[in-house]
Amino acid sequence: MMGAVNKPVVGIIGTGAIGGFYGVMLARAGFDVHFLLRSEFAAVAERGLQVDSAVHGLLTLNPAQAYSKADDMPACDWLLVGAKTHSNADLAPAIIHAAKPDAKVLLLQNGLDVEDSLRELLPDSLHLLGGLCLICVHREGPGLITHQALGSVNVGYHSGPELDDAARMAIVEEGAGLFRSAGIDSQAMANLHQARWQKLVWNIPYNGLSVLLGASTTPLMADADSRVLIKDLMAEVVQGAKACGHEIPAGYADFLFGMTEKLPDYWPSMHHDLLHKRPLELAAIYARPLAAAKAAGCELPGIEALYRSLSFIDRRNV
């Protein structure tokens, strides 16, 4: 049986800023949404989830269907994974507990090949997809999320029992439709790997420079030297993607650069990780793209220097 009025049952694994925001939006659109939490379980069980959105206003989901253990969750048709990439292997048991036998698991994460380590720990019957979120959102406190701008999610198929391209795209379209019915712009991507490289065009410069220079987007975009750094890093990502066989659309880097100029002042997620003494997502966002480009015979010296600097900062931030 599907959920109420034929809507799928949705589980959120990792109810931080990303999982919390999309979970609240889906629940408000009438989906049966279940939230798995660790440290924030008591607060959310008591007060629900609150999203203070510059786009949608103040959204409150109370009560929220909150769980501290995946064993207690109902079997879900879709699982949205919003946790950080370095915890993917640890999440496999929770995903398996909360998934229907043929469930779709959607990783809402940054970086390259983030699905690979999780795939080998999941049953073959589960579909694994990647979701690329273009959104300015952060956690303000337990169950409290601030959403400043944007929100779109692009979805692509990674692996699973469906081998036929048309059937894979049907599943991807179903995922995109889930978000669209909650008022969120969502596109189906035919090539997940290319889509992940495209997302890196923004993530590599802005996440890293926010940590290295201690600056949010407005000062980064206002200074002549940081603007040159951003453009050079973007150009290297495009070059790396091309070496790996992915042609980034012409003008895409300029589009992201111009979009960021119009954003409200924003601290990227890596800066929040630094502040809260969490490990930086360096493997997914820097090491893997660098290794993939190097394997294709392409050196990316600017990104390499940024990665080395961030690695130093990350090791000292404990």
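Here is a short report on the structure shown in this document. Note that the structure is predicted; figures quoted are calculated from it, not measured.

## Some points on the overall build of the protein
Point 1. Helix and strand counts for the protein stand at twelve helices and ten strands.
Point 2. Taking 20 Å as the expected radius of gyration for a compact globule of 318 residues, we find that the protein reaches 19 Å, a close match to that expectation.
Point 3. Considered along the principal axes of its C-alpha atoms, the protein spans approximately 55 × 45 × 35 Å.
Point 4. When the accessible surface of the protein is totalled, it reaches about 13300 Å², and 55% of it is carbon and sulfur.
Point 5. Charged side chains in the protein number 25 positive and 34 negative. The centres of these two groups are separated by 3 Å.

## Brief notes about helix H8 (residues 224–243)
Point 1. Compared with an ideal rise of 1.5 Å per residue, which puts 20 residues at 28 Å, H8 spans 29 Å between its outermost C-alpha atoms and is within 8% of the ideal.
Point 2. When H8 is considered as a whole, its buried residues turn out to be Ser226, Ile230, Leu233, Met234, Glu236, Val237, Gly240 and Ala241. Down the axis, H8 shows its buried residues gathered within 160 degrees of arc, on one side only. Across H8 from its buried face, at more than 90 degrees, point the exposed residues Ala224, Asp225 and Lys242.
Point 3. Residues of H8 that are buried make contact with helix H6 (192–212), helix H7 (217–222), helix H9 (252–262), helix H11 (282–295) and helix H12 (301–316).

## Some points on unusual backbone geometry
Point 1. Cis geometry marks the peptide bond from asparagine 62 to proline 63, where omega comes out at 5 degrees.
Point 2. Looking at the secondary structure, you find proline 63 in the loop between strand E4 (57–61) and strand E5 (66–67).
Point 3. Phi at leucine 150 takes a positive value of approximately 60 degrees, unusual for a residue other than glycine.
Point 4. Position of leucine 150 among the secondary structure elements: in strand E9 (residues 144–159).
Point 5. Under the relative-accessibility criterion, leucine 150 is labelled partly exposed at 34%.

## As for the nonpolar core
Point 1. Formed by 40 residues in total, the largest nonpolar core has its most connected members in Tyr206, Ile230, Met234, Met270, Tyr286 and Ile303.
Point 2. Contributions of two or more residues to this core are made by H6, H7, H8, H9, helix H10 (269–275), H11 and H12.
Point 3. Aside from chain neighbours lying at most four places away, what touches tyrosine 206 is Thr217, Leu220, Met221, Ile230, Met234, Phe257, Thr260 and Pro268.
Point 4. In terms of nonpolar packing, the next biggest core, distinct from the first, is built from 39 residues, Ile18, Phe35, Val137 and Ile145 among them.

## Brief notes about the pairing of strand E8 (residues 127–141)
Point 1. Most of E8 sits inside the fold, with twelve of its 15 residues counted as buried.
Point 2. Relative to E8, strand E7 (residues 99–108) is paired through five bridges, and the arrangement is parallel. By the bridge assignment for E8, valine 105 is matched with leucine 128.
Point 3. Hairpin connection between E8 and E9: a loop of two residues separates the two successive antiparallel strands, and glycine 143 in this loop has a positive phi of roughly 75 degrees.

## Points about the packing of aromatic side chains
Point 1. Here the structure, examined in full by the defined rule, presents six aromatic pairs.
Point 2. Each ring, one from tyrosine 252 and one from phenylalanine 255, has its centre 6.2 Å from the other, and the planes form 40 degrees; the classification is tilted. Taken together, the residues span about one helical turn, with tyrosine 252 and phenylalanine 255 both in helix H9 at a distance of three residues.
Point 3. On the basis of relative accessibility, which here comes to 48%, the residue phenylalanine 255 falls in the partly exposed class.
Point 4. Three or more aromatic residues joined by ring pairs make a cluster, and in this case those are Phe21, Tyr22 and Phe179.
Point 5. A cation over a ring is seen here: lysine 7 above phenylalanine 31, with NZ or CZ 4.8 Å from the ring centre.
Point 6. Looking at lysine 231, its charged tip hangs above the ring of phenylalanine 257, at a distance of 4.7 Å from the centre.

## Some points on the pattern of salt bridges
Point 1. Enumeration over the complete set of coordinates arrives at twelve salt bridges.
Point 2. Among the salt bridges present, the one from arginine 139 reaches glutamate 40, with a minimum N-O distance of 2.3 Å. Here glutamate 40 lies in the loop between strand E2 (32–36) and helix H2 (41–47) and arginine 139 lies in strand E8, a separation of 99 residues in the sequence.
Point 3. By relative accessible area, arginine 139 is classed as partly exposed at 29%.
Point 4. The shortest N-O distance in the salt bridge between lysine 104 and glutamate 174 comes to 3.8 Å. One end of the pair, lysine 104, is in strand E7; the other, glutamate 174, is in helix H5 (residues 165–180), with 70 residues separating them in the sequence.
Point 5. Residue class for glutamate 174 comes out partly exposed when judged on its relative accessible area of 33%.
Point 6. Through salt bridges with shared partners, a single network forms among Lys84, Asp273, Arg278 and Glu281.

Calculation criteria
Residues numbered from 1 in each chain as written. Predicted model: local features only at pLDDT ≥ 70, side-chain atom pairs only at ≥ 80, totals over all residues. Heavy atoms only, no water. Helix = DSSP H or I, 4+ residues; strand = E, 2+ residues; numbered from the N terminus. Rg over C-alpha atoms; globule rule 2.2 N^0.38 Å. Areas by Shrake-Rupley, 256 points an atom, 1.4 Å probe, with all protein chains shown as cover. Lys, Arg positive; Asp, Glu negative; His and termini not counted. Charge placed at Lys NZ, Arg CZ, Asp CG, Glu CD. Expected span 1.5 Å × (residues − 1). Buried < 20%, exposed > 50% of the residue type's maximum accessible area, 1.4 Å probe, protein only. Arc of directions from axis to C-beta. Contact = heavy atoms within 4.5 Å. Core = buried A, V, L, I, M, F, W, Y, C linked by side-chain atoms within 4.5 Å. Pairing = 2+ DSSP bridges. Phe/Tyr/Trp six-rings, centres within 6.5 Å; stacked < 30°, edge-to-face > 60°. Lys NZ or Arg CZ within 6 Å of the ring centre and 35° of its normal. Salt bridge = Lys/Arg side-chain N within 4 Å of Asp/Glu carboxyl O.

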